[in-house]
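Inside the fold
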Amino acid sequence: MDLSDILDPLNEPQRQAVCAPSGNLLVLAGAGSGKTRVLTHRIAYLIRIGEASTYNVMAVTFTNKAAREMRQRIEQILGTPLSGMWVGTFHGIAHRLLRSHWQEAKLPQTFQIIDSDDQYRLIRRSLKELDLDEKRWPPKETQWKINYHKDEGVRAGAIDVQGDLYLETFVRIYLHYEDLCQRNGLVDFAELLLRAQELWLQHPEVCRHYRDRFRHLLVDEFQDTNAIQYSWIRTLAADQSHTFVVGDDDQSIYGWRGAKVGNLQQFQRQFTEVELIRLEQNYRSTRTILTAANALIDNNGDRLGKNLWTAGEEGEPIRLYGAFNEIDEATYIVEQIERWVRGGRSRQEVAILYRSNAQSRVIEAALLQHGLPYRVYGGLRFYERAEIKDVLAYLRLCTNRDDDPSLERIINTPTRGIGGRTLDMLRDYARDHEMSLWRSAERMIAAGALTPRATAALQRFLDLIAEMSCGSEVSLEQQVDAVIKLSALGDHYKKEGREKGLSRIENMEELVSAAKSFVHGEDLEEGEEAMDDLTAFLAHAALEAGEGQAEEWEECVQLMSLHSAKGLEFPLVFIAGVEEGLFPHKRSLQEEGRLEEERRLCYVGVTRAKEELVLTYAEVRRLYGQENFSHPSRFLREIPEECVQIVRLQGVAAPISAGQKKGASFTTEAASTTSFSLGQQVTHPKFGEGTVVQSEGSGAQARLQVNFDRVGLKWLVIAYAHLQPL
DNA sequence: TAAGGCAACTTTTTT
DNA sequence: AGTTGCCTTA
């Protein structure tokens, strides 16, 4: 048997992992150490040597993108399509199970998946129905709490309130929400996993079936699994499956949303005879970058331990630029990118990373000013746009009339004379008679319980939906098209103003073509043919929200948060805003363990860089309309000096003219022969070194505000302060 | 019913 | 600063 195409591209530890005998394996894969390669080659290997067929393998990832890539790469190696193999996200696979076993899972066959926006609306509705004040029960927080419990595998009924009034109320909300979902046939993201887990536990015969089948389980990014995901895998694996887990505790950055780094250790303890393999050879970054990354992460305790190394070159030093303000910072970054491009390199190779999305604005402005094309990751995705969600709501109502949230969304969009009064009456009726809004509308019309005007408007709406639900005779594409035409959403959005309305209409057209190219049923198994095209399309829309922008991303500088940069790599990386308070973020300092997570985030950022890394911070940053004075991040001190080249322009005022409204590059000649300018480095006999950040007054009263490295902000009268320019 | 004004937010994000 | 959701007013 020829295994060379699978094994030759691997180094020793990688090969060990790929060829390990069937058992439980934990691969601790450092950044850039070829984790995906190991995963894909492992699967290819198992199939090639006949240890498993595609039918026996389940591979789980966190994102659809990762799942797609994995499938693609394995197919490439094996040169054959992978039918029967389950490769997908936790949620995607759970969904698939629930579709096949909707009865055992106690779901209606037409159940639909709701995204967090839909969930938010449902929770607000629950609060309203329970007569609870949103001030006391902020919907966002309540939503977070419910999801937290679900992620921990805890149902409302399982919470012991112990006479705690607050907790008791929370449980009432949680219960009500669960009830609402059940009655409407709706399943939120966390519910998918929880239901799937309960399906295993309550139906051992179902569980046994899949256990026998999936003798090989592979899980990517294991450090990101939460409690329910872990126990789901644990339940499925039992002691019969071989579980191959890949992760990196140093890249765990999602603790704040319930991910448990501890699951890596837990896996080691709970699964039988876990072999541990470390991948430490890095194929991505220069030695300098790795030295910095290693030193940085070494400040975290409680690690599984790992040291990245490379056979490659030392490379350029990491550059550190201390900007005067965020505008100066952005200008510096853009100038450096221009230099890079002048040197014959491509814009696509450059990424600008930041801790919080709000930072992108200033950088975008600078890029725009210099005519550099860029692309910002994050933000609203395709299926999350209002107009798309509107169309989807119509479609969902076509499949399931009892979907109240969808009905509420579009009953008066576009406006058709069904106002708040009518809706309130509908809601009351629905609640009193425990039925859906749709049925209530039918009944109330029949009973003549509404004004003639409202009755007519409602009837028109009911007829409209009936007209749209032409059933399975027409194609998916035609149905989507019909909904858009009949709903008159186009006209509705046209009123919204030229630019915006036009793009919304384009998006709706895009949805039609998405429906056209949507193929469902390629890889169907027994019990799955029950799902019709429309249901499958709606599930797809909910589970895969789509790309941020479908626009061309060639030759663009990439802007994104540090979180979304995980898993990517770029020859030139900027990390902007490396300041105390911003990175590490001040809100992470309150909570236990969050600082370590921030450090891991920094580690992730640093290890994105292949060739060059530039870190920047600003002395003054305007954030939320407030000027903030800050200090370089502690993380900067944790990077060895010999890796870093400091590029602050000494003794010369930073170029602050751009956008600085008043006092641009002022001087204070009157008080002293020495002049100071904003951003200038100075030294004080008592306070040490600092930066001039603000000025006030003139002549003998002229004062300067200086941000000192050691003692922070001070106002000083120039005439007495004995400041020396550095 | 629709528009306009005002107050209250503002870490990170996938499914 | 800029957005977003809520409430008032026409």
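Residues numbered from 1 in each chain as written. Chains lettered and ligands numbered in written order. Predicted model: local features only at pLDDT ≥ 70, side-chain atom pairs only at ≥ 80, totals over all residues. Heavy atoms only, no water.

Further remarks concern the overall build of chain A. Helix and strand content of chain A: 28 helices and 21 strands. Since a compact globule built from 726 residues should have a radius of gyration of about 27 Å, the 29 Å found for chain A is in line with a globular shape. Dimensions of chain A, computed from the C-alpha atoms along their principal axes, are close to 90 × 75 × 60 Å. Here chain A, with 726 residues, has 54% of them falling under the buried criterion. About 32,700 Å² of surface is accessible on chain A, with carbon and sulfur atoms providing 48% of the total. Counting 86 positive and 106 negative side-chain charges, chain A places the centres of these two groups 4 Å from one another. (Helix = DSSP H or I, 4+ residues; strand = E, 2+ residues; numbered from the N terminus. Rg over C-alpha atoms; globule rule 2.2 N^0.38 Å. Buried < 20%, exposed > 50% of the residue type's maximum accessible area, 1.4 Å probe, protein only. Areas by Shrake-Rupley, 256 points an atom, 1.4 Å probe, with all protein chains shown as cover. Lys, Arg positive; Asp, Glu negative; His and termini not counted. Charge placed at Lys NZ, Arg CZ, Asp CG, Glu CD.)

This part takes up the pairing of strand S9 (residues 318-325). Summarising burial for S9: eight of the eight residues are buried, a large majority. Across six bridges, the pairing between S9 and strand S14 (residues 609-623) is parallel. Its bridge partner lying in S14, glycine 322 is registered against tyrosine 617. (Pairing = 2+ DSSP bridges.)

Moving on, we come to the protein's contact with DNA strand C. Taken together, Arg124, Arg361, Tyr624 and Gly625 make up the full set of residues adjacent to DNA strand C. Counting only the atoms of DNA strand C within 4 Å of the protein, the fraction contributed by sugar and phosphate is 50%. Contact between DNA strand C and arginine 124: a phosphate oxygen at 2.3 Å from a side-chain N or O atom of the residue. Residues that form the surface near DNA strand C fall into these classes: one nonpolar, one polar and two charged. (Near = heavy atom within 4 Å. Polar contact = N/O pair within 3.5 Å; in protein donor to acceptor, adjacent residues only side chain to side chain. Nonpolar A, V, L, I, M, F, W, Y, C, P; charged D, E, K, R; others polar.)

What follows covers the packing of aromatic side chains. Applying the stated criterion across every chain, the model contains 22 aromatic pairs. Ring geometry for tryptophan 200 and tryptophan 232: centres 6.0 Å apart, planes at 25 degrees, overall stacked. With tryptophan 200 in helix H9 (residues 189-202) and tryptophan 232 in helix H11 (residues 227-237), this pair connects stretches of sequence that are 32 residues apart. Tryptophan 232 gets classed as buried once you look at its relative accessible area, which sits at 2%. In textbook terms, an aromatic cluster arises when at least three aromatic residues are bridged by ring pairs, as seen for Phe62, Trp86, Phe90, Trp200, Tyr210, Phe214 and Trp232. It is arginine 401 that lies over the ring of tryptophan 438; its NZ or CZ is 5.0 Å from the centre. (Phe/Tyr/Trp six-rings, centres within 6.5 Å; stacked < 30°, edge-to-face > 60°. Lys NZ or Arg CZ within 6 Å of the ring centre and 35° of its normal.)

Within the secondary structure layout, arginine 608 lies in the loop between helix H26 (594-606) and S14. Here arginine 608 occupies a buried position and makes no salt bridge, while the nearest side chain of opposite charge, glutamate 569, is found at 6.7 Å. There is a polar contact of 3.3 Å between the side chain of arginine 608 and the side chain of glutamine 251. In this structure arginine 608 touches Ala31, Gln251, Arg284, Leu353, Ala565, Lys566, Gly567, Leu568, Glu569, Phe570 and Val573, once residues within four positions along its chain are discounted. (Salt bridge = Lys/Arg side-chain N within 4 Å of Asp/Glu carboxyl O. Contact = heavy atoms within 4.5 Å.)

Right, let's get into the domain arrangement of chain A. Accessible area lost upon the coming together of the parts serves often as the stated size of an interface. In terms of domain boundaries, chain A breaks down into domain 1 (4-100 + 194-281), domain 2 (113-184), domain 3 (318-381 + 548-669), domain 4 (388-516) and domain 5 (681-725). On a C-alpha basis, the centroid separation for the pair domain 4 and domain 5 is 64 Å. (Domains from an automatic or database assignment.)

Residues threonine 413 and proline 414 are joined by a peptide bond in cis, for which omega reads -5 degrees. As for its placement among the helices and strands, proline 414 is situated in the loop between helix H17 (404-410) and helix H18 (420-433). Cis peptide bonds are those with omega within 30 degrees of zero, and the linkage from phenylalanine 583 to proline 584 qualifies with 5 degrees. At lysine 106, a residue that is not glycine, the phi angle is positive and equals roughly 60 degrees.

A general feature of soluble globular proteins is that nonpolar side chains tend to end up buried together. Residues Tyr383, Val391, Phe461 and Val480 are the most contacted members of the largest nonpolar core, which totals 52 residues. Dropping the residues within four chain positions of it, phenylalanine 461 is found in contact with Leu397, Leu407, Ile410, Ile411, Arg416, Ile418 and Trp438. (Core = buried A, V, L, I, M, F, W, Y, C linked by side-chain atoms within 4.5 Å.)

Attention shifts here to the protein's contact with DNA strand B. Surveying the vicinity of DNA strand B reveals 26 residues, the closest of which are Arg355, Thr415, Gly419, Ser561 and Arg587. Near the protein, within 4 Å, the atoms of DNA strand B are sugar or phosphate in 57% of cases. Between DNA strand B and serine 561 there is a distance of 2.5 Å, counted from a phosphate oxygen to a side-chain nitrogen or oxygen. At a separation of 2.3 Å, a phosphate oxygen of DNA strand B approaches a polar side-chain atom of arginine 587.

In this section: the sheet that holds strand S21 (residues 724-725). Strand order in the open sheet formed by five strands is S20-S19-S18-S17-S21, and the pairing between neighbours is antiparallel. Whereas interior strands pair on both sides, the edge strands pair on one side only; in this sheet they are strand S20 (712-717) and S21. With six bridges connecting them, strand S19 (residues 703-708) and S20 associate as antiparallel partners. Paired with asparagine 707 across the bridge in S20 is leucine 713.

Attention now goes to helix H6 (residues 116-129). Between its terminal C-alpha atoms H6 stretches 20 Å, which fits the 20 Å expected from 14 residues at 1.5 Å a residue. For H6, the complete set of buried residues consists of Asp118, Gln119, Leu122, Ile123, Arg125, Ser126, Leu127 and Glu129. Against helix H7 (139-151), helix H8 (165-184), strand S5 (186-187), helix H16 (386-399), H17 and H18 lie the buried residues of H6. You can read the cap of H6 off the contacts: a side-chain oxygen lies 3.1 Å from the backbone nitrogen of aspartate 117, and it is on aspartate 115. Phi turns positive one or two residues past the end of H6, at aspartate 131, with a value near 60 degrees. (Expected span 1.5 Å × (residues − 1).)

Let us now look at the environment of glycine 153. Mapped onto the secondary structure, glycine 153 falls in the loop between H7 and H8. Judged by its relative accessible area of 33%, glycine 153 falls in the partly exposed class. The contacts of glycine 153, once residues within four sequence positions are left out, are Leu194 and Ile228.

With that out of the way, let us pick up the side chain of threonine 616. Note on placement: threonine 616 falls in strand S14. A distance of 2.8 Å separates the side chain of threonine 616 from the side chain of glutamate 329, its partner in a polar contact. For threonine 616, the contacting residues outside a window of four places in its chain are Tyr321, Glu329, Tyr332, Ile333, Ile575, Ala576, Gly577 and Val578.

Take the sheet that holds strand S1 (residues 24-29) next. Spatial ordering of the open sheet is given by S3-S2-S6-S7-S1-S8, a layout of six strands whose pairing is parallel. In this open sheet, the two strands that pair with only one neighbour each are strand S3 (86-89) and strand S8 (274-279). Each strand of the sheet is rotated relative to its neighbour by a mean of 15 degrees, with strand direction disregarded. Sheet topology note: the S1/S8 ladder contains six bridges and is parallel. Following the sheet pairing, leucine 28 is matched in S8 by arginine 278. Along the sheet face, helix H5 (residues 90-100) touches strand S2 (57-61), S3 and strand S6 (216-219) and points at about 120 degrees away from the line of S3. (Axes fitted to C-alpha atoms, helices over the stretch in contact; angles between N-to-C directions.)

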